[in-house]
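Examining the three-dimensional arrangement
Now for the letters of each chain:
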Amino acid sequence: MNLVEEQITIEGEVLALTSLRAMYWEKEQALVASDLHIGKSAHFRRHGIPISAKVQQKDLQRLEFLVSHYQAKKLIVVGDLFHAEVNTDMADFKHWRNQNLDLEIILIKGNHDRLKDDIYEAYQISCCQKELLMPPFQFIHEPKASRQFSISGHLHPGVRIKQKGRPQIKLPCYEVSATQLILPAFSEFTGLAMSRAKKGKQFYAFTETSFFEF
Amino acid sequence: MSKTFKTSVGYQIIADWMATKGNLPFPFQEQTWAKYAKGCSGMVVAPTGFGKTFSVFLAVVIDYLNHPEQYQKGLKLLWVSPLRSLAKDLAKAMTAAIEEIGLDWEVAVRNGDTPTKIRRQQERLMPDVLISTPETLHLLFSQKNNSRWFKSLNCVAVDEWHELLGNKRGILTELAVARLNQLSKNLSIWGITATIGNLEEAAKVLIPYPEKKTLMIKSKLKKKIKVIPVLPDEVEVLPWAGHLGRSMASKIIPIIHANKTTLIFTNTRGQSELWYQILLEADPDLAGLLAIHHGSIDKKLRNWIEDSISEGILKAVVCTSSLDLGVDFKPVDCVIQIGSAKGIARFMQRAGRSGHSPYEVSKIYMIPTHSLEIIEAAALKEAVKEQKVEARQPMVLTFDVMVQFMVTLAVGEGFKAEETYNLLKRTHAFSLMTEDEFAWAIQFITQGGNTLKSYEEFHKVFLDDDGLYKVKSRRISMLHRMNIGAIVSDAMLRVKFMSGGYIGMVEEYFISKLKPNDSFILAGRVLELLHIKDMTVFVKMSKAKKAISPSWMGGRLPLSSYMSHFLRKKLSDALNPGTQERELRFLHPLIARQSEFSHIPREDEFLVELIDTKEGFHLFMYPFEGRLVHEVISALIAYRLSKIEPLTFTIAMNDYGFELLSDQEIPLNENNVRTILSKEHLMEDVVASINAAEMASRKFRDIAVISGLVVQSMPGANRNNKSLQSSSGLIFRVLEDNEPNNLLLRQAYTEVFDQQLEEVRLKDAFDRIHNSKLIIKKTNTFTPLSFPIKVDSLRQSLSSEKLDKRIQRIQKETFRKAKN
């Protein structure tokens, strides 16, 4: 698997943005990801839309690669870990979890995370209803103005690259400003919400092989 | 016609009834009646307004009067029409006839507008005649026990077949007819169509059954069309689109006043909004008498406008193809076409909206929006005289529609694989389908894909113990019923006043570019965007004087190949000094300049212009094949040139030609021009020059919706399927990664080649170029042919105010250079 890093420093902390849709916080040995939407492909299948389970399996392989590459101790998920109900995709997740029981998983619940508490317990996931404070950062699901620097997801940010006379290209990105960082959606089976350029905002868009800063 | 038929009771009753109204049957009507009585199927070809409805409808009535014992209770005649708006008037006319004849039949309409209560009534006892649409028919197939309604059906009539042929609604119709033919033993199948270029084929597509005796009945009546080009006061030697427009308003106003009711056709919704404003400015007295009508305007308002036209309250209506078809408006005695109609059939159709009744003359004025369009007027006049109308190519192997149909059957009564395979194989659309492809479709709807393990929990269609494929989940049935049909609209948002009141629809794409407090024009009103919520745009009236009008994506019509043929011919004709044609004589200064500084291509010539200006090096070519084909050719030429020397080009085009602009000299000359325009390796080079995956992904949008891979969100509806939202682009990517052999994916690529790249037409064009004399002209000023393309490319990058100044400057410069 090809991994490209873009290091940034925020509030004195070094963060590694990766081209594999997650961020690594070295000091805490924590991998930070958002919007995994586990169970989404099976949810579609159950409703008569055939989406291959390979989609999620690839997501999990990527997660596996990141955890072992960084030897991460923690996985912080800033929301939307599970897409909908308990379904067959969950078996793959369970399998992955059982092989990584040393990894501490902390979930800040997102709008999609509506499963019963005992399910999270069974997977040994500690949940935060609203936010997780790990100074200097505040981890939340939906971006919101606050006093602390917040790290969030939810939006699935992306940028549009226009070329003259050719179709535009859309890429996922990390959106960073003076007060917050928004992560791209971890799952490949997600759309993009185009971010609007604004003063003070920076976009770290990426392909499989490189980063582009706007 | 046999004497016995003419003396039959049924014929006598109908002939007498017509006589009381002072009418005589047309020969084609009588012919249809007699052939229907013999159990034939067939295609009736007649222009609108000549009683084509009464050909097939009365045929069934006469036969019933003669042989009531051959008809059962319930549905006898099923009338399929592509247009919902026609249904009500059709039902009224049929009911009136039945009552006057003294028959106890019931005629009813069933479509998306029919209230649930009426639908339930119909399901208990079907009327004798049902007027419906292809989509509604498929919806009926998705109901439990639906075959009982069709078992004793005697006749299915498909109205306006030319409108359905050539698109996926046509495939829906083919499939519906196939199923009806399977259910009812002695079904007669009749199509009704306007003249098109491939009538024989059209009949075979609708009635592909060798055991049916099939006839073509053509009306000998011809609609008389008078084409009146409106010429500007003087010819602009360097023409550009849009500029001439405004000055033509003063010529349109007197036409409106001289006639009772005028329909003013534009090609896009955006243009119609623009012209509505222009005409009101030119004659404020028209306020209240001038209306605007297009597909994005609230349906209630549209209905009101249509009623007002019928009642003769309105003086004029600015419209788009939204009024191409549909109910006859008696008061309309004049039609104006603004800009190119792009096709002969469309032009004649529009002309026919005025002066409906037989023997009346249809009058159509043509308003050019730039000087070159005057050539088009001449071309159209000749085409109308020769009655050369385009063919409509039927689509084949549209697996998205097939998959939808199979699930429809599974939702309804369930289906047997072999039976359905045979049914499909007998249709025109799927006659070339292989067993493997059908097996794939079965797998797709039962397992989701060919790797079973990847699609656990996929529960769409089951094979039941009784050998029937069925859908069991109520939720899946419901989702499927909502999705039936083949018209995929762009994601549209409703536009509503904050204070309440619905105005119309705009594309999501357009609105996404606006910010709150921006102004835009819709339904002739300037509106200010407040906010967007639940697929609804909330607005208030704006005080802004200027605003942008939405660019609806669907607006671009391709130039038909017949049209391009006539255009090339007329341009070549324009050189002959002795010409009798007023339009071409009028254009003389422009033609003269073109031939002085460059060249006027004759029919057997192909013109290439190399023009050097301060801006850079321009290459212009003029295939006259329409914007869509030029998009492909220009990318191809750019690709071939860049193989000689790596260059970057800016590309611009219009319906006549295209421009490649580079900051370095373009390596094209007499020696290599044949190679650059060669027909060798054509498709390979085309594929190399475009991003086929990107194009296919765009084509996949419709396919994904039709095949049920994407759940469409209904405008204004609460998004209760939110957790199932996904874009077709995303699904396309997922399939390319995981199921590259998915037939729907392959279909997207096929559609790119057939429709986007127009492979056949492209090859024809290069054959023609191959056989032409290639003429290269070098100059340092823009020519009359190149100038409009140049302006179009400027338009994309400049605001309109700056654009005007810039163009004037180029015009001046060009003339100055010419003098030196």
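Residues numbered from 1 in each chain as written. Chains lettered and ligands numbered in written order. Predicted model: local features only at pLDDT ≥ 70, side-chain atom pairs only at ≥ 80, totals over all residues.

In this section: the overall build of chain B. Secondary structure summary: chain B contains 33 helices and 25 strands in total. For chain B, the C-alpha radius of gyration of 28 Å lies close to 28 Å, the compact-globule estimate for 820 residues. With the C-alpha coordinates aligned to their principal axes, the bounding extent of chain B is approximately 90 × 70 × 60 Å. Considering only intrachain contacts with a sequence separation of at least 6, the fraction spanning at least 24 residues in chain B is 75%. (Helix = DSSP H or I, 4+ residues; strand = E, 2+ residues; numbered from the N terminus. Rg over C-alpha atoms; globule rule 2.2 N^0.38 Å. Contact = placed C-beta atoms within 7 Å.)

The next subject is the sheet that holds strand 5 (residues 155-158) of chain B. Residue and element names in this part refer to chain B. In spatial order, the strands read 3-4-2-5-6-1-7; together these seven strands make up an open sheet with parallel pairing. Here the strands that pair on one side only, and so sit at the sheet edges, are strand 3 (107-109) and strand 7 (214-218). Between one strand axis and the next, the sheet turns through 15 degrees on average, direction left out of account. Sheet topology places strand 3 next to strand 4 (residues 129-132); three bridges connect them, and they run parallel. Paired with Ala 108 across the bridge in strand 4 is Leu 130. Contacting strand 2 (77-80), strand 5 and strand 6 (188-193), helix 10 (residues 168-183) runs over the sheet at an angle of about 170 degrees to strand 5. (Pairing = 2+ DSSP bridges. Axes fitted to C-alpha atoms, helices over the stretch in contact; angles between N-to-C directions.)

Among the nonpolar cores identified, the biggest contains 230 residues, and Val 156, Ala 157, Ile 264, Val 317 and Met 406 of chain B are the most heavily contacted of them. Element by element, the count of residues in this core is highest for helix 17 (residues 399-411) of chain B, at ten residues. If we ignore the near neighbours within four places in the chain, the residues touching Ile 264 of chain B are Trp 275, Ala 316, Val 317, Val 318, Cys 319, Ile 336 and Ile 338 of chain B. With 40 residues, the next largest nonpolar core counts Tyr 24, Leu 75, Ile 140 and Val 159 of chain A among its residues. (Core = buried A, V, L, I, M, F, W, Y, C linked by C-beta atoms within 7 Å. Buried ≥ 20, exposed ≤ 12 C-beta atoms within 10 Å, placed from the backbone.)

Domain parsing of chain B yields domain 1 (3-218), domain 2 (224-386), domain 3 (399-487 + 692-756), domain 4 (492-551) and domain 5 (598-690 + 758-819). Between the C-alpha centres of domain 2 of chain B and domain 5 of chain B the distance comes to 32 Å. (Domains from an automatic or database assignment.)

In this fold, Ser 727 of chain B is placed in the loop between helix 28 (692-706) and helix 29 (728-738). Separated by 48 residues in the primary sequence, Ser 727 of chain B and Ile 775 of chain B have C-alpha atoms spaced 47 Å apart.

All names here are of chain B. In this sheet, strand 19 (residues 525-533) lies alongside strand 18 (residues 519-522) in antiparallel orientation, the contact comprising four bridges. Among the inter-strand pairings, Ser 519 is bridged to a residue of strand 19, identified as Glu 528. Turn length for the strand 18-strand 19 hairpin, with the two strands adjacent in sequence and antiparallel, is two residues, and the turn residue Ala 523 shows positive phi of about 55 degrees.

All names here are of chain B. For chain B, mean pLDDT is 87; residues scoring 70 or higher make up 92% of the total. Averaged over each element, pLDDT in chain B is lowest for helix 33 (residues 800-819) (64) and highest for strand 5 (98). Taken together, the stretch residues 715-719 has pLDDT below 50 and engages in ten contacts with residues farther than four places along the chain or on a different chain. Scored by ipTM, the complex comes to 0.85, with pTM at 0.85. (pLDDT = per-residue confidence, 0-100.)

In the numbering used here, UniProt assigns the feature "domain: Calcineurin-like phosphoesterase" (unreviewed entry) to residues 31-122 of chain A. As annotated, residues 31-122 of chain A comprises 45% helix and 13% strand, and the C-alpha atoms at either end are separated by 21 Å. (UniProt positions renumbered as here; feature names shortened; annotations may be inferred.)

Attention now moves to the pairing of strand 13 (residues 361-367) of chain B. Residue and element names in this part refer to chain B. Within strand 13, six of the seven residues are buried, leaving the element largely enclosed by the surrounding structure. With six bridges joining them, strand 8 (residues 224-229) and strand 13 adopt parallel strand pairing. Opposite Pro 229, over in strand 13, you have Met 366 as the bridge partner. Relative to strand 13, strand 12 (residues 332-338) runs parallel, the two being bridged by four bridges. Across the sheet, residue Ile 338 finds its bridge partner in strand 13, namely Ile 367. Since strand 12 and strand 13 lie parallel, the crossover through helix 15 (residues 344-351) that links them has a hand, and here it is right-handed. (Right-handed = clockwise from strand over helix to strand, strands pointing away.)

Opposite the 27 residues of chain B that make contact, chain A presents 23 residues. Within the residue set of the side of chain B that touches chain A, elements represented by two or more residues are helix 20 (474-483), strand 23 (650-653) and helix 29 of chain B.

Let us look at helix 19 (residues 435-446) of chain B. Between its first and last C-alpha atoms helix 19 of chain B spans 16 Å; for twelve residues at 1.5 Å apiece the expected length is 16 Å, and the two agree. Looking at the buried residues of helix 19 of chain B, the elements they touch are helix 17 and helix 18 (417-426) of chain B. (Expected span 1.5 Å × (residues − 1).)

Below, the discussion takes up the sheet that holds strand 8 of chain B. Residue and element names in this part refer to chain B. Across the sheet, which stays open at both edges, the six strands sit in the order 8-13-12-9-11-10 with parallel pairing between neighbours. The two strands at the open ends of the sheet, each matched to only one other strand, are strand 8 and strand 10 (290-293). The mean angle between the axes of side-by-side strands here comes to 20 degrees, regardless of whether they run parallel or antiparallel. Relative to strand 11 (residues 316-319), strand 9 (residues 261-265) runs parallel, the two sharing four bridges. Counted as the bridge partner of Thr 262 is Ala 316 from strand 11.

On to the packing of helix 28 of chain B against helix 29 of chain B, then. Residue and element names in this part refer to chain B. Running from amino to carboxyl end, helix 28 crosses helix 29 at an angle of 105 degrees, the nearest separation of the two axes being 9 Å. On the basis of their axis angle, the class for helix 28 and helix 29 is roughly perpendicular. For the pair helix 28 and helix 29, the contacting residues are Ser 697, Phe 700, Arg 701 and Ala 704 in the first and Ser 728, Gly 729, Ile 731 and Phe 732 in the second. Looking at the contact of helix 28 with helix 29 residue by residue, the classes come out as four nonpolar, three polar and one charged. (Parallel < 35°, antiparallel > 145°, perpendicular 65-115°, else oblique. Nonpolar A, V, L, I, M, F, W, Y, C, P; charged D, E, K, R; others polar.)

Before going further, it helps to examine unusual backbone geometry. Omega for the bond connecting Pro 135 of chain A with Pro 136 of chain A falls within 30 degrees of zero, at 5 degrees, which places this linkage in the cis form. When you line up the elements, Pro 136 of chain A lands in the loop between strand 8 (131-134) and strand 9 (137-140). Of note in the backbone geometry, Gln 71 of chain A takes a positive phi value of approximately 55 degrees without being a glycine. With respect to the secondary-structure elements, Gln 71 of chain A resides in the loop between helix 2 (54-70) and strand 5 (74-77). Residue class for Gln 71 of chain A comes out exposed when judged on the 7 C-beta atoms lying within 10 Å of it. Look at His 681 of chain B: it is not a glycine, yet its phi comes out positive at around 55 degrees. Inspection of the secondary structure assignment puts His 681 of chain B in the loop between helix 26 (673-676) and helix 27 (682-689). By the C-beta count within 10 Å, which is 10 here, His 681 of chain B ends up exposed.

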